[in-house]
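# Close look at the chain arrangement
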Amino acid sequence: MSDCPVTGLTYLEKRDLESSWRKLIGTTPREFKNAGINLVLWMFDNIPNMRGRFTKFQANNTRSNLVADEMFLAHTQSVILAIDSIIKMLDNPSKLKVKLQSLVKSHVGQTPPIGSEYFEPFAARFHVFLVAALGVPEDSDEVAAWTKFLYALCSLVKVEEDAQRKVAKATAQQGAPCCWIL
Ligand code: HEM
């Protein structure tokens, strides 16, 4: 079987992502909900300045206040559901591409953009979360597959950042007074 044209993941890496994801989300709705909360709380603690980007809830609050905040809980479920649907699309590259591009655009399109400065630390540190949550060794196939997948996501983030930079440049040139080019 050929590698995924969107992520570069091999057949076995995709299976590693699926099996480790199943372990992370558990089997009951309660475990799924808790997995979302734990993941986002971990992201807040490990991605520099991430908390500062939230406006609908007070992300600098303590854990106990956050888990009592409906808006925070809603966000954690958006994140875990988004990853869950991505995992379910791993064998459908065209759907996967649309989903990942839409996720990337909705972040890089924010003002100021939520881009590489956030997604790269996520990719670089996610192994710490996996080792703690799954009890797998740092050099396990599961950890390697997630790191590869998250860096593939970072590549899509960079493509979108470049595209937005080009649009911003073209817009600035269109709006520039004629004396600028003299
Ligand atoms: C794989 C990683 C991530 C996933 C799956 C994810 C998922 C989502 C989803 C589903 C939403 C809501 C709908 C949307 O706008 O698309 C969202 C919103 C948001 N995400 Fe992410 N996200 C991820 C990474 C990040 C990172 C690294 C940051 C860093 C700052 C971030 C910050 C935000 C913010 C500020 C919002 C808007 C929240 C709001 O309006 O209340 N996300 N994310």
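Residues numbered from 1 in each chain as written. Predicted model: local features only at pLDDT ≥ 70, side-chain atom pairs only at ≥ 80, totals over all residues.

### Notes on the overall build of the protein chain
The secondary structure content of the protein chain amounts to seven helices and zero strands. In the protein chain, the order of α-helices and β-strands from amino to carboxyl end is α-α-α-α-α-α-α. Based on the C-alpha atoms only, the size of the protein chain along its principal axes is roughly 65 × 45 × 25 Å. Long-range contacts, defined here as pairs at least 24 residues apart, represent 64% of the contacts in the protein chain between residues at least 6 apart. (Helix = DSSP H or I, 4+ residues; strand = E, 2+ residues; numbered from the N terminus. Contact = placed C-beta atoms within 7 Å.)

### Points about the UniProt feature "domain: Globin" (unreviewed entry) in the protein chain
Mapped onto the present numbering, the UniProt feature "domain: Globin" (unreviewed entry) falls at residues 8-162. The span residues 8-162 shows a helical share of 73% and a strand share of 0%, and its end C-alpha atoms are spaced 21 Å apart. (UniProt positions renumbered as here; feature names shortened; annotations may be inferred.)

### Things to note about helix H4 (residues 70-88)
Here H4 spans 27 Å end to end across 19 residues, near enough to the 27 Å set by a 1.5 Å rise per residue. Three or more residues of H4 are buried, namely Phe-72, Thr-76 and Ile-80. On an axial view of H4, the arc spanned by its buried residues comes to 60°, and they lie on one face. What points out from H4, more than 90 degrees from its buried face, is the exposed set Glu-70, Ala-74, Ser-78 and Leu-81. Close packing links the buried residues of H4 with helix H2 (29-46) and helix H3 (63-66). (Expected span 1.5 Å × (residues − 1). Buried ≥ 20, exposed ≤ 12 C-beta atoms within 10 Å, placed from the backbone. Arc of directions from axis to C-beta.)

### Focus on the site of the ligand
Among the 17 residues in the neighbourhood of the ligand, the closest are listed as Arg-53, Ser-78, Ala-82, Ser-106 and Tyr-118. Elements supplying a minimum of two residues to the shell around the ligand: H4, helix H5 (93-108) and helix H6 (116-134). When the residues that make up the shell around the ligand are grouped by side-chain class, the tally is eleven nonpolar, four polar and two charged. (Near = placed C-beta within 6 Å. Nonpolar A, V, L, I, M, F, W, Y, C, P; charged D, E, K, R; others polar.)

### Points about unusual backbone geometry
At the junction of Thr-111 and Pro-112, the peptide bond is cis and its omega measures out at -10° in the coordinates. With respect to the helices, strands and loops of the structure, Pro-112 is situated in the loop between H5 and H6. One non-glycine residue, Asn-49, adopts positive backbone phi at about 65°. Secondary-structure assignment places Asn-49 in the loop between H2 and H3.

### Side note on the packing of H4 against H5
Following both chains from N to C, one finds H4 and H5 inclined at 155°, their axes separated by 9 Å at the closest point. Here H4 lies roughly antiparallel to H5, going by the angle between them. Viewed along their axes, H4 and H5 form a crossing whose handedness is left-handed. Contacts between H4 and H5 involve Ala-82, Ser-85 and Ile-86 on the former and, on the latter, Leu-96, Lys-99, Leu-100 and Leu-103. Of the residues contributing to the contact of H4 with H5, the split by class is five nonpolar, one polar and one charged. (Axes fitted to C-alpha atoms, helices over the stretch in contact; angles between N-to-C directions. Parallel < 35°, antiparallel > 145°, perpendicular 65-115°, else oblique. Left-handed = near helix turned anticlockwise from the far one by under 90°.)

### What to know about the packing of H6 against helix H7 (residues 141-175)
The N-to-C vectors of H6 and H7 enclose an angle of 165°; their axes lie 9 Å apart at closest approach. By the angle class used here, H6 and H7 are roughly antiparallel. Once H6 is placed against H7, the crossing between them reads as right-handed. Across the interface between the two elements, Ser-116, Phe-119, Glu-120, Phe-122, Ala-123, Phe-126, His-127, Leu-130, Val-131 and Leu-134 from H6 touch Glu-142, Val-143, Trp-146, Thr-147, Leu-150, Tyr-151, Leu-153, Cys-154, Val-157, Lys-158 and Glu-161 from H7.

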